[in-house]
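# Topology and contacts: notes
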Amino acid sequence: MKTIIAACSQNLSGSRASIQTALRTLLAAPWPSQRDVRSWLQLLSVLQWVLSFLLLGTISLLLLIYLVFTSFWPISALYLAWIIFDWDTPEKGGRRLPCLRQWPVWRHFRDYFPVKLVKTHDLSPSHNYIIGSHPHGILCVGAFCNFVTGSTGFGEMFPGIRPSLTTLAGNFRLPIFREYLMSGGLCPVTRRAIGYLLSKNGTGNAVAIVIGGAAESLSCRPGVTTLILKNRKGFVRMALQHGWVTGTAAAAGGGLGVPAPHQRPPCPLHRACLVPSFSFGENDLFRQVVFEEGSWMRSIQQRFQKMMGFAPCVFYGRGLTSVRSRGFLPYARPITTVVGEPVMVPKIEDPSCETVDMYHEMYVRSLLKLFNENKTKYGLSETDELHIL
């Protein structure tokens, strides 16, 4: 018995010593610094955003289809009834949630790159605006961070302006994902949705359109700034149809509704202006395999884009565990979005092609001026040029 007791006491003392040694080792180990914690929070915030945009809609759709064949089928039936009842909401201003725009995770998302918004001119809340967002990049990070989240201070820089970013209309047919998009203030890039915001939702609306679209993403690569813009004129026509109502001043402005320089325009019912914006650094976030024009892979991408509305880009970024690993997360590169000077346009219900071309050229000149005045400030050289196709 004494031998057993002695053996037990020896085992207990050995266990106690092992625990003490483990605690000393744990206390001696370096704890994560605040910088490490911030880095992980930033990485996780970007991860949830990428997963949401790439997978949320598809997973939600597959889940609801699966539930149809289970005892939980009423969930799918009720949600289908809700979508039918709520079908037109995305094209009537959506259903934004201010709390989502101020979600703390967006501050970590902003700081990961980081993303910065630069104001060059005031935007009056008595006008409406179409903001052209350039370039598209792979995932439109700059446009999302500035016009969907409140993390870069858009509301403070432009008080009284409500930004709405447009995206493919097909995204609003995906269950759950449509609610996520609308809560952030996104709307379909359709004439009906844009026209509603410019004419039936009061003033102070800024509709941001990534004009280059999916076609532009196919040419996205670091060090090259190419925009698909030369034949993209629908946004100009929309601005003209919701432009300045100047009454008798139209005659003084040469029949285009533009007041003469010596005249002060009367107060319009609705005002719409074109505003160029450029996100420097957007094309540096991913590496893409760019296929040459005329190649069979390029033709497959273009056909897929015409059928589905988006282009299947072959790209990669960093991995989750290391900057040197490859994955689908964007590289941490600074993005600076500069919002330029508004281009005032008149209100013309049915503008001619010549009128649309004239104001399109005015917009392009304003965009080129914005690019050339800021390129050396935000990572480009004096010799870098903006190529417009």
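Residues numbered from 1 in each chain as written. Predicted model: local features only at pLDDT ≥ 70, side-chain atom pairs only at ≥ 80, totals over all residues. Heavy atoms only, no water.

Identification of the chain as Acyltransferase from Circaetus pectoralis is taken from an unreviewed UniProt entry. Per its UniProt entry, the chain bears the Sequence similarities (unreviewed entry) comment "Belongs to the diacylglycerol acyltransferase family." Under the UniProt heading Subcellular location (unreviewed entry), the note attached to the chain is "Endoplasmic reticulum membrane". (UniProt positions renumbered as here; feature names shortened; annotations may be inferred.)

This paragraph deals with the overall build of the chain. When you go through the chain residue by residue, the secondary structure sums to 14 helices and 13 strands. Out of the 389 residues belonging to the chain, those deemed buried represent 44%. Within the chain, counting contacts between residues at least 6 apart in sequence, those at least 24 apart form 78% of the total. About 20400 Å² of surface is accessible on the chain, with carbon and sulfur atoms providing 62% of the total. (Helix = DSSP H or I, 4+ residues; strand = E, 2+ residues; numbered from the N terminus. Buried < 20%, exposed > 50% of the residue type's maximum accessible area, 1.4 Å probe, protein only. Contact = heavy atoms within 4.5 Å. Areas by Shrake-Rupley, 256 points an atom, 1.4 Å probe, with all protein chains shown as cover.)

This part is about the side chain of T167. Within the secondary structure, T167 is located in strand 3 (residues 162-167). If we ignore the near neighbours within four places in the chain, the residues touching T167 are F172, L181, L186, C187, P188 and V189.

Per the stated rule, a full pass over the model turns up eleven salt bridges. Note that E349 is salt-bridged to K347, the shortest N-O span being 3.3 Å. Ionic contacts of the salt-bridge type, sharing partners, join the residues D86, R95, R178 and E179 into one network. (Salt bridge = Lys/Arg side-chain N within 4 Å of Asp/Glu carboxyl O.)

A few words on the sheet that holds strand 10 (residues 326-327). Adjacent strands of a sheet form backbone hydrogen bonds with each other and so pair up, either parallel or antiparallel. Pairing in this open sheet of three strands is antiparallel, and the strands run 8-9-10 from one edge to the other. Edge strands, defined here as strands with exactly one partner in the open sheet, are strand 8 (287-288) and strand 10. Bridging between strand 9 (residues 315-318) and strand 10 involves two bridges; their strand directions are antiparallel. Bridged to R318 within strand 10 is R326. (Pairing = 2+ DSSP bridges.)

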